[in-house]
Amino acid sequence: MVNSVLRLTWLQTVLDFNSSFLHRETMIALLAILEIIRRGIWNFFRLEKEHLNNVEKFRAFKSVPLPFN
């Protein structure tokens with residue numbers, strides 16, 4: 001739900017929506033901050049999902065093999 005609402009607020013910058021109560025620069029700054037928050041929330045859930053998949057399937061390794069010797 002939050003992701004959808006924040007995506008719609010980002011769409012305001014694409015559609016060049018003008019508001020009478022805020023300056024354009026203020027609106028852009030607020031929408032940029034909201035986009036950063038949205039991406040942070042999204043990355044948190046992606047990280048949690050990957051962690052749960054690794055723990056569930058026992059795919060966790062202490063070291064990553066390198067493609068060279």
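Located above this text is the structure these notes cover.
To keep things clear, this report deals only with the structure shown in the data block. (Residues numbered from 1 in each chain as written. Predicted model: local features only at pLDDT ≥ 70, side-chain atom pairs only at ≥ 80, totals over all residues. Heavy atoms only, no water.)

**Focus on the packing of aromatic side chains**
Working step 1: Going through the model one piece at a time under the given rule, you end up with one aromatic pair.
Working step 2: Taking the centre distance of 5.6 Å and the plane angle of 65 degrees together, the rings of Phe44 and Phe45 count as edge-to-face. (Phe/Tyr/Trp six-rings, centres within 6.5 Å; stacked < 30°, edge-to-face > 60°.)

**Structural notes on the environment of Val5**
Working step 1: Along the polypeptide, Val5 turns up in helix α1 (residues 2-14).
Working step 2: With 33 residues separating them along the chain, Val5 and Arg38 place their C-alpha atoms 9.6 Å apart. (Helix = DSSP H or I, 4+ residues; strand = E, 2+ residues; numbered from the N terminus.)

**Focus on α1**
Working step 1: In this model α1 runs 19 Å from its N-terminal to its C-terminal C-alpha over 13 residues, within 8% of the 18 Å that 1.5 Å per residue would give.
Working step 2: Downstream of α1 by one or two residues, Asp16 has phi in the positive range, about 55 degrees. (Expected span 1.5 Å × (residues − 1).)

**Points about the pattern of salt bridges**
Working step 1: Applying the stated rule across the entire model yields two salt bridges.
Working step 2: The salt bridge partner of Glu35 is Arg38, with a shortest N-O separation of 2.9 Å. Of this pair, Glu35 and Arg38 both sit in helix α2 (residues 24-57), three residues apart, which is roughly one turn of that helix. Neither residue differs from the other here; Glu35 and Arg38 are each classed as buried.
Working step 3: Glu35 serves as the salt-bridge partner of Arg39, at 2.8 Å between the closest nitrogen and oxygen. Here Arg39 and its partner Glu35 are both found in helix α2, four residues apart, which amounts to about one turn of the helix.
Working step 4: Salt bridges sharing common partners tie together Glu35, Arg38 and Arg39. (Salt bridge = Lys/Arg side-chain N within 4 Å of Asp/Glu carboxyl O. Buried < 20%, exposed > 50% of the residue type's maximum accessible area, 1.4 Å probe, protein only.)

**Looking at a nonpolar patch on the surface**
Working step 1: Together, Val2, Leu30, Ile33, Leu34, Ile37, Ile41, Phe44 and Phe45 make up an exposed nonpolar region whose accessible area comes to about 720 Å².
Working step 2: For the nonpolar patch, the leading source of residues is α2, giving seven residues.
Working step 3: If you trace the backbone, Ile37 turns up in helix α2.
Working step 4: Given a relative accessible area of 43%, Ile37 falls into the partly exposed group. (Patch = residues over 30% accessible without salt bridge, like charges linked within 9 Å, V, L, I, M, F, W, Y side chains within 5 Å. Areas by Shrake-Rupley, 256 points an atom, 1.4 Å probe, with all protein chains shown as cover.)

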